[in-house]
Amino acid sequence: MWAAPIQLCSPSPPGRDPASPCVLDRSERDTQRLLDGAVHDLRGAHRAISISTELLIGGLPSQLDHDAAYAVRELQTGIAKMNALLSGVSSYALCASVSSYSFGPVAVETALTLALASLEPEIRKTGAVVVHGVLPSVVGDLRRLTELFRNLVGNALKYQGSYVPRIEINASQNSHDWLFSVQDNGIGIDQKHWDGLFVPFRRLHGSEIPGLGLGLAICRKIVEAHEGSIRVESQVGLGTAFVFTLPAT
């Protein structure tokens, strides 16, 4: 006999209708458990490999032949990549789990300021100019909204064009939502790639530009957890704007 999926409700943020639809159904919860379990077990394996590698390298002679030195470098590079991947997947898993959010009044300018502070070395290195208009307060999770802006601004810095990066953040309100935009003057994105931008591990430039391909997927999870939506507007050579909504309530 067919049975409707069990709805798993997360606590309603302040100001939201407590009778609003549940965020996670049973299938999504099972996926979340699988992701959390995989990250936990892989972290344990990563620690074991890292410790064993340190012990192994510590017992090697100071002078290694070419092949041995190459093998050590490859091992260390692989461990570093594994660590970055685990951190990215762990962040994605947390942002996908609405139960990990703590909703309350958030000044969006505070979230942006914290994000820019964490990106200060990259901003200084590129000489980027970041400007913003008046930003509202919303009901949200400060930590997640900070991560949202860190990923979007970081993305603009990473895919800069031939000009000094200029990034503009603005907000406007309609009857139901605040509409935010993060606009840059970078290399732009061909429209044929738009649909795959928010898919985990989808990278348009391969290994040419460092990254895991999780930043925009994390952004989508954060916006959706706030009951908003996100999209891209772009033209090759003329920059990109990521536009997202957050409820005005």
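Definitions and limits used
Residues numbered from 1 in each chain as written. Predicted model: local features only at pLDDT ≥ 70, side-chain atom pairs only at ≥ 80, totals over all residues. Heavy atoms only, no water. Phe/Tyr/Trp six-rings, centres within 6.5 Å; stacked < 30°, edge-to-face > 60°. Helix = DSSP H or I, 4+ residues; strand = E, 2+ residues; numbered from the N terminus. Buried < 20%, exposed > 50% of the residue type's maximum accessible area, 1.4 Å probe, protein only. Salt bridge = Lys/Arg side-chain N within 4 Å of Asp/Glu carboxyl O. Core = buried A, V, L, I, M, F, W, Y, C linked by side-chain atoms within 4.5 Å. Domains from an automatic or database assignment. Contact = heavy atoms within 4.5 Å. Polar contact = N/O pair within 3.5 Å; in protein donor to acceptor, adjacent residues only side chain to side chain. Expected span 1.5 Å × (residues − 1).

*Asks:* It is not clear to me how the packing of aromatic side chains should be interpreted in this structure. Could you clarify?
*Replies:* The relative placement of two aromatic rings is captured by the distance of their centres and the angle of their planes. One pass over the full model with this rule turns up four aromatic pairs. A ring pair is formed by Phe198 and Phe242, whose centres lie 6.2 Å apart and whose planes are at 80°; its orientation type is edge-to-face. Placement of Phe198 in the loop between strand E7 (177–183) and helix H6 (215–225) and of Phe242 in strand E9 (residues 240–247) is noted, with a sequence separation of 44 residues between them. Taken individually, Phe198 and Phe242 each receive the classification buried, so the pair is uniform in this respect. Put simply, the rings of Phe149, Phe180 and Phe244 touch in pairs and so form one group of aromatic residues.

*Asks:* What is the right way to read the pattern of salt bridges from this model?
*Replies:* A side chain of one charge can pair with a side chain of the opposite charge if their charged atoms are brought near each other. If you walk through the whole model with that rule in mind, you get three salt bridges. For Arg166, the salt bridge identified is with Glu168, shortest N-O distance 3.0 Å. Overall, Arg166 belongs to the partly exposed group, its relative accessible area being 39%. By relative accessible area, which is 30% here, Glu168 ends up partly exposed. Note that Glu233 and Arg231 form a salt bridge whose closest N and O atoms lie 2.9 Å from each other. Judged by its relative accessible area of 38%, Glu233 is partly exposed. Given a relative accessible area of 41%, Arg231 falls into the partly exposed group.

*Asks:* In this structure, what is going on with the nonpolar core? I would like to understand it.
*Replies:* Side chains of a nonpolar character, in soluble globular proteins, are inclined to be buried together. Among the nonpolar cores identified, the biggest contains 47 residues, and Val138, Leu148, Phe149, Leu152, Val182, Phe242 and Phe244 are the most heavily contacted of them. For this core, the domains that each give at least three residues are domain 1 (20–99) and domain 2 (102–247). Beyond its immediate sequence surroundings of up to four residues, Val138 is in contact with Gly104, Pro105, Val106, Val108, Leu145, Trp178, Phe180, Leu246 and Pro247.

*Asks:* Would you explain the side chain of Thr146 in this entry?
*Replies:* Relative to the assigned elements, Thr146 resides in helix H5 (residues 142–158). Side-chain polar atoms of Thr146 contact the backbone oxygen of Leu142, separated by 2.8 Å. Leave out the neighbours within four places in its chain, and Thr146 touches Ala111, Leu114 and Ala115.

*Asks:* It is not clear to me how H5 should be interpreted in this structure. Could you clarify?
*Replies:* Structural remark: α-helix, 3.6 residues per turn; residues separated by three or four positions point the same way. Taking 1.5 Å as the rise per residue, H5 with 17 residues should run 24 Å; its terminal C-alpha atoms sit 24 Å apart, in good agreement. Within H5, twelve of the 17 residues are buried, which leaves it mostly tucked inside the rest of the structure. All of the buried residues in H5 are Arg144, Leu145, Thr146, Glu147, Leu148, Phe149, Leu152, Val153, Gly154, Asn155, Ala156 and Leu157. N-capping of H5 is provided by Asp141, with a side-chain oxygen placed 3.0 Å from the backbone N of Arg143.

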